[in-house]
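Analysis of the macromolecular model
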Amino acid sequence: MSTLTKILVVLLTFSVIALCPIVAVYVATADNYKQLDETHKRAAASEKSEKNEAKSQLSDYMTKSDTEKKSLNAQISSLKQQMASTEIELKNALRAKADLEERVKSWTAVVADFTETNDKQGTLLKNTLAELDNSKTEQIRLKKELDETTAYLRERLAIISDIERKSKELIEQKTELQKRLDNLLQGVGQKVVAPEPVIAAKSPVAKAFVPQPQVEEIGLVGLVSEVKAKDSMVAINIGSVDGVHEGMKFHIIRGDEFIRDILIIDVEEDEALGVFDIGAGVPKVGDNASTNF
Amino acid sequence: MVPANIRGGKVIAANNIFTVLAGAALLVVLATVAFVAYKCYVQYDTIFTVR
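The rules behind each value
Residues numbered from 1 in each chain as written. Chains lettered and ligands numbered in written order. Predicted model: local features only at pLDDT ≥ 70, side-chain atom pairs only at ≥ 80, totals over all residues. Helix = DSSP H or I, 4+ residues; strand = E, 2+ residues; numbered from the N terminus. Contact = placed C-beta atoms within 7 Å. Buried ≥ 20, exposed ≤ 12 C-beta atoms within 10 Å, placed from the backbone. Pairing = 2+ DSSP bridges. Core = buried A, V, L, I, M, F, W, Y, C linked by C-beta atoms within 7 Å. Axes fitted to C-alpha atoms, helices over the stretch in contact; angles between N-to-C directions. Parallel < 35°, antiparallel > 145°, perpendicular 65-115°, else oblique. Left-handed = near helix turned anticlockwise from the far one by under 90°. pLDDT = per-residue confidence, 0-100.

The next thing to look at is the overall build of chain A. Scanning chain A from N- to C-terminus turns up three helices and eight strands. Put simply, 53% of the contacts in chain A that link residues at least 6 apart link residues at least 24 apart.

Below is the structure:
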């Protein structure tokens, strides 16, 4: 055996002793790639199933997102419209704000003027209160005078009522006298004329002149329409429409001859009935009947 | 180079320490191969191919 062979044997032995344990240790500690492969395959399958599930979920989410997108687009459009309307309202509000600010400025000026006026009114009120106090004192004084005047007027009113009572009595007496005068004047075919209104006389002569009642002729003329000599009654063809009333006297005349007087006792609208009075003649139908000769 | 122990045309192994060393190395290599083959069969169900 040569030396070289020996050297090679020794090197081979050492290399084998060095490398074989390394290989053994490596193989012993190496990973089980088949198991790892199966694990990875199972993991891949599960990942794939998860991927498919995720895809389905994604499609679901996509559809949901599409629907939500549509609804959100609708909401966005409506919100845009609302925003546009809100912008318009905002512009209007800004204009209103500007107007209100101008009004506030004007009102501020008005308030300042009002305050100044109020101060002036306050001073005027003070002066007026002072005048009112003076007026109250004056009113008290006037009230005293008024009480005195009232008492004086009451005395005068009592006197006036007494005078009025006397005046009524005089008027009653005057009415009675007027009736008597009417009866007397009707007997002679006259009546009292309403007196002219008396104007206050200024001169002493006019004051002394007292107007006397004036009389005028009645002037009624009619015809005898019926005669009842037994009853001493005569009817004439004029009545109350012509001015005839009870108590009047009519003269019955035939031509220029006086027949007799009649006294009216009953009056109708167009006819009157009288009884014989002074005289001895008997009236006939067609004789004249007049209040005056 | 001619081997040293040739007898009658046959190669006769030298019976010495170096022979022992070579045999031990061979045993170690064989044991390692067997261990590797065992592990491959256990883990991959085959020795030479990978499926």
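Another aspect to go through is the overall build of chain B. Counting its secondary structure elements, chain B contains one helix and two strands. Here chain B holds 51 residues, and 2% of them are scored as buried.

Here we come to the pairing of strand β5 (residues 249–254) of chain A. Working note: regular strand, side chains alternate between the two faces of the sheet. Residues and elements named next belong to chain A. In this sheet, strand β6 (residues 257–267) lies alongside β5 in antiparallel orientation, the contact comprising six bridges. Across the sheet, Phe250 pairs through a bridge with Ile262, a residue of β6. What sits between the antiparallel neighbours β5 and β6 is a turn of two residues, in which Gly255 has the positive phi angle 70°. Where β5 lies against strand β8 (residues 288–290), three bridges are found, and the strand directions are antiparallel. Bridged to Ile252 within β8 is Ala289.

Time to look at the nonpolar core. Nonpolar side chains in soluble globular proteins generally cluster together in the buried interior. Residues and elements named next belong to chain A. In terms of nonpolar packing, the biggest core is built from 16 residues, with Ile236, Val244, Phe250, Ile252, Ile264 and Ala272 touching the most fellow members. Looking at this core, the elements that each hand over two or more residues are β4 (233–236), β5, β6 and β7 (272–279). Per element, the largest residue contribution to this core is four residues, and it comes from β6. If near-sequence neighbours (up to four positions away) are discounted, Ile264 is found in contact with Val244, Glu246, Gly247, Met248, Phe250, Ala272 and Gly274.

Let us look at the packing of helix α1 (residues 3–29) of chain A against helix α1 (residues 17–44) of chain B. Interhelical geometry of α1 of chain A versus α1 of chain B gives an angle of 20° and a closest axis separation of 9 Å. As judged from the angle between their axes, α1 of chain A and α1 of chain B are roughly parallel. The way α1 of chain A lies across α1 of chain B gives a crossing that is left-handed. Only Phe18, Leu21, Ala22, Ala24, Ala25, Val28, Val29, Thr32, Phe35, Val36 and Lys39 of chain B of α1 of chain B make contact with α1 of chain A, whose side of the interface consists of Lys6, Val9, Val10, Leu12, Thr13, Val16, Ile17, Cys20, Val23, Ala24 and Val27 of chain A.

All names here are of chain A. Taken in spatial order, the six strands of this closed barrel run β3-β4-β7-β6-β5-β8, and their pairing is antiparallel. The sheet shows a mean angle of 45° between the axes of neighbouring strands, direction not considered. In terms of strand pairing, strand β3 (residues 221–228) meets β4 through four bridges, oriented antiparallel. Within β4, the position partnered with Val227 by the bridge is Val234.

Residues and elements named next belong to chain B. On average, chain B scores 82 in pLDDT, and the residues at 70 or more come to 78%. Across chain B, element-level confidence peaks in α1 with a mean pLDDT of 91 and bottoms out in strand β1 (residues 6–7) with 70. Interface confidence for the predicted complex, expressed as ipTM, amounts to 0.76; the pTM equals 0.32.

What follows concerns the interface of chain A and chain B. Opposite the 15 residues of chain A that make contact, chain B presents 16 residues. At eleven residues, α1 of chain A tops the list of elements feeding residues into the side of chain A that touches chain B.

All names here are of chain A. Here β6 runs beside β7; their pairing, made up of six bridges, is antiparallel. Within β7, the position partnered with Asp266 by the bridge is Leu273. Counted along the chain from β6 to the antiparallel partner β7, the turn is four residues long.

This part is about the environment of Pro283 of chain A. Residues and elements named next belong to chain A. Tracing the backbone shows Pro283 in the loop between β7 and β8. In this structure, the C-alpha to C-alpha distance between Pro283 and Phe258, residues 25 residues apart in sequence, is 9.8 Å. The contact partners of Pro283, leaving out residues within four places of it in the chain, are Val224, Val227, Val234, Ile252, Ile259 and Arg260.

Non-glycine residue Ser232 of chain A carries a positive phi angle of around 60°. Looking at the element boundaries, Ser232 of chain A is found in the loop between β3 and β4. The partly exposed category is assigned to Ser232 of chain A, around which 13 C-beta atoms lie within 10 Å. Non-glycine residue Asp45 of chain B carries a positive phi angle of around 65°. By the secondary structure assignment, Asp45 of chain B is in the segment after α1. Assessed through the 10 C-beta atoms surrounding it within 10 Å, Asp45 of chain B is described here as exposed.

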